[in-house]
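# Summary of the model geometry
As a plain string of letters, each chain reads:
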Amino acid sequence: MIRKTIALAAFAAVAVAGAAEARDQIRIVGSSTVYPFATTVAENFGKTSSFKTPVIESTGSGGGLKLFCAGVGVEHPDIANASRRIKKSEVETCAKNGVKEITEVKIGFDGIVLANTKAAPTFNLTKAQIFQALAKEVPVDGKWVANPYSNWSQIDAKLPNEEIEVLGPPPTSGTRDAFVELVMETGCLELPACADLEKADKKKFSSVFASLREDGRFIEAGENDNLIVQKLQSNPTALGIFGFSFLDQNSDKIQGSHIEGVAPTFEDIASSKYKVSRPLFFYVKNAHVGTVPGIKEYVTEFTSEKAWGPEGYLSEKGLIPLPDAARAEAAKKANAFAPMTM
């Protein structure tokens, strides 16, 4: 019985490897924010190597990691892009499904912006004001109530007397996760009633800052950032939430709002002066390395100075590079396919 079990296990391992070899093109899924960087690397990789250009899908960070963690073999993706770090629960799901060794590659930084059409005035907002505009519940006269604000000027008379309409990513998006953490949570804590709530009832506090409006003031626009840009151009009073790289690529059409008095520029994100920024990652399924052709070479291309360095072609796309020492260490670990630990 033991011999039979060992034989079946060996057969299954060979079958998995054989299935992976049956696919001669890297498959990548995940973050819409990392998508343009990964696509640029993939195109360069396809042109300058003997391997086929990888196939990349923009599914959102959460959606991509779900696909990535579903198993090993030809039917599962090789790499997942993410605009947030993989969660412990996702690593556990991966392990349950046989994805036991994962290489984590931090590729750089990106800012999260609230942008509007260049035909309209630039917004200058605080995190507290953004929280009050977008939270499902807000404090009014000492009580937590359904958000009553319909215009920005109702929050602060210095803000435009325009209707609140913000287009943003869905819950599966890493940009949404980071926006909630970096803007909604910290903005909430700037309000005395919210700071008191955090001390009194942490569960309620977490629900308050993470719950966005469902009355049409906040609109989930999917993972297609191009669609948000089109909608901003047709509605001069609307704002959209996305990564700095996308703002950078569409700077002829849209402009970033100042947050806490700081504009979302490459220099101010790199120096941490602009506070709404987050690291970007991709994750490699080590079981596919050496079986799906080109994974090693793709990782080498992505982590080369000509790609992700300060003068590399990804900085032209809006990627904020890691500091020199951190970048060198990340490249070393990536190319060694060192399994990550949480």
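Calculation criteria
Residues numbered from 1 in each chain as written. Predicted model: local features only at pLDDT ≥ 70, side-chain atom pairs only at ≥ 80, totals over all residues. Heavy atoms only, no water. Helix = DSSP H or I, 4+ residues; strand = E, 2+ residues; numbered from the N terminus. Rg over C-alpha atoms; globule rule 2.2 N^0.38 Å. Buried < 20%, exposed > 50% of the residue type's maximum accessible area, 1.4 Å probe, protein only. Lys, Arg positive; Asp, Glu negative; His and termini not counted. Charge placed at Lys NZ, Arg CZ, Asp CG, Glu CD. Salt bridge = Lys/Arg side-chain N within 4 Å of Asp/Glu carboxyl O. Core = buried A, V, L, I, M, F, W, Y, C linked by side-chain atoms within 4.5 Å. Contact = heavy atoms within 4.5 Å. Disulfide = S-S within 2.5 Å. Phe/Tyr/Trp six-rings, centres within 6.5 Å; stacked < 30°, edge-to-face > 60°. Axes fitted to C-alpha atoms, helices over the stretch in contact; angles between N-to-C directions. Parallel < 35°, antiparallel > 145°, perpendicular 65-115°, else oblique. Left-handed = near helix turned anticlockwise from the far one by under 90°. Nonpolar A, V, L, I, M, F, W, Y, C, P; charged D, E, K, R; others polar.

### Quick look at the overall build of the protein chain
Of the regular secondary structure elements, the protein chain holds 14 helices and 13 strands. Its C-alpha atoms give the protein chain a radius of gyration of 22 Å, near enough to 20 Å, the size a compact globule of 342 residues would have. Dimensions along the principal axes, computed over C-alpha positions, put the protein chain at roughly 75 × 50 × 35 Å. Split into buried and exposed, the 342 residues of the protein chain put 50% on the buried side. Side-chain charges in the protein chain split into 38 positive and 41 negative, and the spacing between the mean points of these groups amounts to 6 Å.

### Some words on the pattern of salt bridges
Where side chains of opposite charge bring their charged atoms close, a pairing between them can arise. Applying the stated criterion across every chain, the model contains 17 salt bridges. One salt bridge connects Arg85 with Glu104, and the closest N-O pair in it is separated by 2.7 Å. With Arg85 in the loop between β3 (79-82) and α4 (88-96) and Glu104 in strand β4 (residues 102-117), this residue pair connects regions lying 19 residues apart in the sequence. The exposure class of Glu104 is partly exposed, given its relative accessible area of 22%. Each member of the salt-bridge network shares a partner with another, and the members are Arg84, Glu90 and Asp177.

### Some words on the nonpolar core
In globular proteins that are soluble, nonpolar side chains generally tend to be buried together. In this structure, Phe131, Leu134, Trp152, Phe179 and Phe242 are the most contacted members of the largest nonpolar core, which totals 53 residues. In terms of residue count, helix α6 (residues 174-189) provides more of this core than any other element does, 7 residues in total. Each residue touching Phe242, except ones within four places of it in the same chain, is listed here: Gly111, Ile112, Val113, Ala115, Thr175, Asp225, Ile228, Leu232, Leu247 and Ile254. Judged by nonpolar contacts, the second largest core, of 31 residues, contains Leu280, Phe282, Tyr313 and Ala331.

### Concerning the state of the cysteines
In protein structure, a disulfide is the covalent linkage between the sulfur atoms of two cysteines. Under the criterion given, the structure shown has 2 disulfides. What pairs with Cys69 in a disulfide is Cys94, and their sulfur atoms sit 2.0 Å apart. When the S-S torsion is -70°, as for the bridge of Cys69 with Cys94, the disulfide is left-handed. Of this pair, Cys69 sits in the loop between α3 (61-68) and β3 while Cys94 is found in helix α4, placing the two residues 25 residues apart along the sequence. In terms of burial, Cys69 and Cys94 fall into one category: buried. Across the disulfide, Cys188 is cross-linked to Cys194 (sulfur-sulfur distance 1.5 Å). Disulfide Cys188-Cys194: the torsion about the S-S bond is 60°, which places it as right-handed.

### Concerning the packing of aromatic side chains
Within the structure shown, the criterion is met by 9 aromatic pairs. Note on Phe45 and Phe51: the rings are 5.7 Å apart at their centroids and 5° apart in plane angle, and the pair reads as stacked. The class of Phe45 is buried, set by a relative accessible area of 3%.

### What about the packing of α6 against helix α8 (residues 202-210)?
Their axes nearest at 9 Å, the elements α6 and α8 cross at an angle of 120°. Between α6 and α8, the crossing angle belongs to the class labelled oblique. For the element pair α6 and α8, the recorded crossing hand is right-handed. Mapping the contact onto sequence places Val180, Met184, Glu185, Cys188 and Leu189 in α6 and Phe205, Val208, Phe209 and Ala210 in α8. Residues belonging to the contact of α6 with α8 are distributed by class as follows: 8 nonpolar, no polar and 1 charged.

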